[in-house]
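# Structural overview
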Amino acid sequence: MAPRRLLLVGEGNFSFAAALSETLDQSTRLTATCLQLPAEVARDPVARENLQCLLERGIDVRFGVDCTQLSDVFELHDREFHQIYFNFPHCGRKAGVAKNRELLAKFFQSCADVLAEEGEVHVALCRGQGGTPVDKPQREWHNSWQVVAMAALGGLILSDVYPFSCKAVPGYKCTGYRSQDKSFHVEGALNHVFTRSLPFEDSQPRIFRIKLGNQWFSFREPEALVGKLNRGFLEAPSCHPIKTINEKLIAELGKAFHLKRLKCSFPLLPQEGASVLPFWNCDFLSAAFWISLHEDNSNSESLTGGTSQDVEDFLVSFSELSLPKNPGRDGKEAAYEGICGQAKVCLRPSLLVHVQDIIEVPDFLSGSLHILSGPVFQKCHILPFTMPAFHETLFILGLNKNLKDGCLQSLLDHLKGIVDSLLTQTSPEISKLSSLVEFVLQSNGKDYMIHVKTDNFSPDYTEDLIIGSVTTSATSIIHKDQCFVFVSMNLDLLAMLVWCISDWRMLWTFDNRFLKNFVPGKIEPFKSHSLYPPCYVHDISFWIDEKKGFDELEFHTVARAVSQDTVISIQFLSRYQHPKTQQVSLCYRLTYQTCDKALTQQQVSSMQSQFRKEIQQRLYVTPR
């Protein structure tokens, strides 16, 4: 087993190295370095004593090491440090925040060359320097060292931060710049722990292949959905919290109702298919992602340039797509005939598009709770709790018309109790309050929206959150003696509330550290591996063509696609009309921030530039 390796940079009197070396076991190797040369260090008697201790313990000590050029110090075979420590970095004398930011930026970039894949970089800073909310008091961002933004330049994210205690390292004596007698003020100091971020790659839409009948078709995934198709969160081997919350809902309802789980295996929804949808469902289509299907007679290798297995990984299961099915006929056959001659299909915007097919089946069981679960896709404005892809579970209950009111109330009561119980597992004190779930009757007098009171969870939640709906329907053509209730629930929002996950994008991360938070059978508060990511703000203004109109929803969708979901807010600032030409200009403010990756100002500037080009081409506007 390879030894665990620690690297200390910027050591002053080597007291930290000496103290740390006393705590190490035989499987750990320590390398302590400083910028000064041996003759300069030897002038300090404390440093001489500590160096003697280190040499006696066989510690590797190096002088004249520039922490911003670590790749020049260590050969390729001598890198891969598991922990790198830099305590109280400073450029010296009266260097301002800009100079110290530059030092941090170069240090973090240098760390990227010698840090192990799962290694950590520890940086201790004096009170207020880091600029994170943990600093008390917190400096204004422009007056801090912006440590998280500087770390992003090295591809690192802040994963932990806690008080720095000299007492925790007996014998450590903090010195000032280059071991000067005047030491740094360490009261209120913080230790910042950084880890590697997944690379922020320029993700390109993938090509997917599906088979309808005997014919293969291919399509390119929508840019706003890159990385969200075919994730399999609800599949059997998944341990994703979305699957956990779905299974808990279903298991608890199974104690009160006979359940029938349906396989979500409906294919594509053709453009002409809107006419078969119930009237209360047509609004979904206006926000649907429409895609073009192309006949594909190519072999696997020519499609992706890879192997057949590569293509298998990209196959879209029918559970992610939707098509109204003709009852009594083979689904694939009907789909094939529907697709032929049609260029446009859409990814399903809701599971509710399937209810008509389900209730028209001759053997539909009245009184049983039919359950359908799967991912759905909708264009939406960029807001904290709206998402272009999420997982929906649909409960369908057929009722005798004479028993409708009692059975409906029983279902709602059970749902309220189950969701209340789930929401209080991570916050026991909330359980003392009244119900968190409320069914709000709609203006039609028969349907409900499912609200959750969120003000007790977090300051981030300021108003009730709508996590689902309850819709009642008239009788079906086949089952004329029944009426039907459809309960739709957004599993992603429910999982966020249960585990206290503040950002929906975290549910879609590819970082394996996310799933390590979730222990089977337990519900504990989520702890993010990326803390206090920096925000970058850019304004954009443009002239619009009033004859062609301006589609704000598409404006948000383009921003989402170009930024790879890093735009977290779009704020309308102003509307201006030129006094002479009467031309209209709109101005918006975009805020960029990631939840799981390192994002730099340079990357954001590039995205903003690309966004200006895209809206000019797609929305027929003229950037100013």
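Below you will find a few notes about this structure. (Residues numbered from 1 in each chain as written. Predicted model: local features only at pLDDT ≥ 70, side-chain atom pairs only at ≥ 80, totals over all residues. Heavy atoms only, no water.)

Glancing now at empty space enclosed by the protein. On inspection of all chains with the given rule, the structure shows two cavities of 30 Å³ or more. There is about 50 Å³ of room inside the largest cavity. If you go around the largest cavity, the residues you meet are Val148, Ala152, Leu156, Ile157, Leu158, Ser530, Leu531, Pro533, Pro534, Lys597, Ala598 and Leu599. Elements that contribute at least two residues to the lining of the largest cavity include exactly helix 6 (147-152) and strand 6 (156-163). The element that contributes the greatest number of residues to the lining of the largest cavity is strand 6, accounting for three residues. Of the residues assigned to the lining of the largest cavity, the class counts are 10 nonpolar, one polar and one charged. (1 Å grid on protein atoms, 1.4 Å probe; cavity = no way out; pocket = protein on both sides within 12 Å on 5 of 7 lines; lining within 4 Å. Points joined across faces, edges and corners; volume = space filled by probe spheres on them. Helix = DSSP H or I, 4+ residues; strand = E, 2+ residues; numbered from the N terminus. Nonpolar A, V, L, I, M, F, W, Y, C, P; charged D, E, K, R; others polar.)

Close contact between helix 7 (residues 241-253) and helix 13 (residues 491-499) brings their axes to 9 Å; oriented N to C, the two are set at 95°. Classed by the angle they form, the pair helix 7 and helix 13 counts as roughly perpendicular. The segment helix 7 lies against helix 13, with Pro241, Ile242, Thr244, Ile245, Asn246 and Leu249 engaging Leu491, Asp492, Leu494, Ala495, Val498 and Trp499. (Axes fitted to C-alpha atoms, helices over the stretch in contact; angles between N-to-C directions. Parallel < 35°, antiparallel > 145°, perpendicular 65-115°, else oblique. Contact = heavy atoms within 4.5 Å.)

Assignment of secondary structure puts Pro38 in helix 2 (residues 38-41). By relative accessible area, which is 44% here, Pro38 ends up partly exposed. In this structure, the C-alpha to C-alpha distance between Pro38 and Arg48, residues 10 residues apart in sequence, is 9.7 Å. (Buried < 20%, exposed > 50% of the residue type's maximum accessible area, 1.4 Å probe, protein only.)

This paragraph deals with the environment of Arg79. On the secondary structure map, Arg79 appears in the loop between helix 4 (70-73) and strand 4 (81-87). Sequence separation between Arg79 and Leu115 is 36 residues, and the spatial gap between their C-alpha atoms is 7.1 Å. Among all residues touching Arg79, those that are not within four sequence positions of it are Arg5, Ser71, Phe74, Asp113 and Val114. At a separation of 3.0 Å, a polar atom in the side chain of Arg79 contacts the main-chain carbonyl oxygen of Phe74. (Polar contact = N/O pair within 3.5 Å; in protein donor to acceptor, adjacent residues only side chain to side chain.)

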